[in-house]
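# Observations on chain architecture
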Amino acid sequence: MNRATWLSRAHHPIVATIKRENVMAFLVGKEAPDFSSDVSLPGGEFGKISLSQYRNKKYVVLFFYPLDFTFVCPSEIIAFSNRIDEFNNRNTQVIGCSVDSKYSHWAWRNTPVNKGGIGDVKYPLIADITKKIAEDYGVLYNGSVALRGTFLVDKNGLVRHAVVARLAGSAAVAAVVHRPAVAGEHGVAGGGARRAGG
């Protein structure tokens, strides 16, 4: 079964509820699970990053998506890149994550948007091939792929905001870009967890 077929069969309302309650109940207001992983970087480079390297330095917007090269619309991935200057102005690092390898990320970056790619997006893409990061953040669906999820982590390493959507759902990037300022000025106010797409 290829990826597109699997995701099509998996796209069912029940997907919206898998592990979401765990995310909302246990992560928001708590320390974000740390990770260290290989990444595909802008400009065709490979590297390694950890969440802890941003501690006391930057906010982090960590978002998950199911898979590279699928029918799932990449508009959210591209939208984060298009607004990267706004995130930078708010001292916020954007990081994308899926269960694909760094080589798959590299190939998708190097595929033009008009041919189903995402272009050279301007932030790291994590290669979560062990699926450990998706599992730790409560977004791993059926042991296979990540649901769409977006997490705002403050400079102290605490999760201030979380939203998890269905496989074909997405985060409102225009709203996410303003979250770091809210969390920074008001502590836990402006944070929280919510459902999207059901």
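The structure presented is a predicted model; accordingly, all values stated were derived computationally and were not measured.

## A few points about the overall build of the protein chain
- Helix and strand counts for the protein chain come out as eight helices and 10 strands.
- Long-range pairs, those at least 24 residues apart, make up 74% of the contacts in the protein chain with a sequence separation of at least 6.
- In the form shown here, the protein chain has an accessible surface area of approximately 8900 Å², with 52% of it arising from carbon and sulfur atoms.

## Focus: the pairing of strand 8 (residues 148–153)
- Summarising burial for strand 8: six of the six residues are buried, a large majority.
- Here strand 8 shows two buried faces, one formed by Arg148, Thr150 and Leu152 and the other by Gly149, Phe151 and Val153.
- Relative to strand 8, strand 3 (residues 59–64) runs antiparallel, the two being bridged by five bridges. Bridged to valine 60 within strand 8 is valine 153.
- Relative to strand 9 (residues 159–165), strand 8 runs antiparallel, the two sharing six bridges.

## Side note on the pattern of salt bridges
- Under the counting rule described, the total for this entry stands at seven salt bridges.
- A salt bridge links aspartate 154 to arginine 160, with the nearest nitrogen and oxygen atoms 2.6 Å apart.

## Details of the environment of phenylalanine 87
- Tracing the backbone through its elements, the reader meets phenylalanine 87 in helix 4 (residues 84–89).
- The buried category is assigned to phenylalanine 87, whose relative accessible area is 0%.

## What to know about unusual backbone geometry
- Although it is not a glycine, asparagine 56 adopts a positive phi angle of roughly 65°.
- Owing to a relative accessible area of 61%, asparagine 56 belongs among the exposed residues under this scheme.
- Even without being a glycine, lysine 131 presents a positive backbone phi close to 70°.
- If you trace the backbone, lysine 131 turns up in the loop between strand 5 (125–127) and helix 6 (132–136).
- The partly exposed category is assigned to lysine 131, whose relative accessible area is 26%.

## Details of helix 5 (residues 102–109)
- For helix 5, the complete set of buried residues consists of Lys102, Ser104, His105, Trp108 and Arg109. Buried residues in helix 5, looked at end-on, bunch into an arc of 160°, giving them a common side.
- Next to the buried residues of helix 5 lie strand 1 (36–40), strand 2 (46–50), helix 3 (75–82), strand 4 (92–98) and strand 5.

## Observations regarding the nonpolar core
- By size, the foremost hydrophobic cluster in this structure holds 29 residues, and its most contacted members are Leu62, Phe64, Ile126, Tyr137, Val139 and Phe151.
- Where this core is concerned, the elements lending two or more residues are strand 3, strand 4, helix 6, strand 6 (140–141), strand 7 (145–146), strand 8 and strand 9.
- Not counting chain neighbours up to four residues away, the residues in contact with phenylalanine 64 comprise Cys97, Ile133, Ala134, Tyr137, Val139, Ala146, Leu147, Arg148, Gly149 and Phe151.

## Overview of a nonpolar patch on the surface
- Taken together, Phe46, Tyr103 and Trp106 make up a surface patch of nonpolar side chains, about 330 Å² in accessible area.
- Mapping tryptophan 106 onto the fold places it in helix 5.

## Concerning the packing of aromatic side chains
- On inspection of all chains with the given rule, the structure shows 10 aromatic pairs.
- Between tyrosine 65 and tryptophan 108, the ring centres sit 5.8 Å apart and the planes meet at 40°, which makes this aromatic pair tilted. Of the two residues, tyrosine 65 is situated in the loop between strand 3 and helix 3 and tryptophan 108 in helix 5; the sequence distance between them amounts to 43 residues.
- For tyrosine 65, a relative accessible area of 1% translates into the label buried.
- Ring geometry for phenylalanine 80 versus phenylalanine 87: centroids 5.7 Å apart, planes at 40°, classification tilted.
- Look at phenylalanine 80 and you get buried, because its relative accessible area is 0%.
- Through successive ring pairs, a cluster of aromatic residues spans Phe63, Tyr65, Phe69, Phe80, Phe87, Trp108 and Tyr123.
- Looking at lysine 102, its charged tip hangs above the ring of phenylalanine 46, at a distance of 5.1 Å from the centre.

Reading the values: rules and limits
- Residues numbered from 1 in each chain as written.
- Predicted model: local features only at pLDDT ≥ 70, side-chain atom pairs only at ≥ 80, totals over all residues.
- Heavy atoms only, no water.
- Helix = DSSP H or I, 4+ residues; strand = E, 2+ residues; numbered from the N terminus.
- Contact = heavy atoms within 4.5 Å.
- Areas by Shrake-Rupley, 256 points an atom, 1.4 Å probe, with all protein chains shown as cover.
- Buried < 20%, exposed > 50% of the residue type's maximum accessible area, 1.4 Å probe, protein only.
- Pairing = 2+ DSSP bridges.
- Salt bridge = Lys/Arg side-chain N within 4 Å of Asp/Glu carboxyl O.
- Arc of directions from axis to C-beta.
- Core = buried A, V, L, I, M, F, W, Y, C linked by side-chain atoms within 4.5 Å.
- Patch = residues over 30% accessible without salt bridge, like charges linked within 9 Å, V, L, I, M, F, W, Y side chains within 5 Å.
- Phe/Tyr/Trp six-rings, centres within 6.5 Å; stacked < 30°, edge-to-face > 60°.
- Lys NZ or Arg CZ within 6 Å of the ring centre and 35° of its normal.

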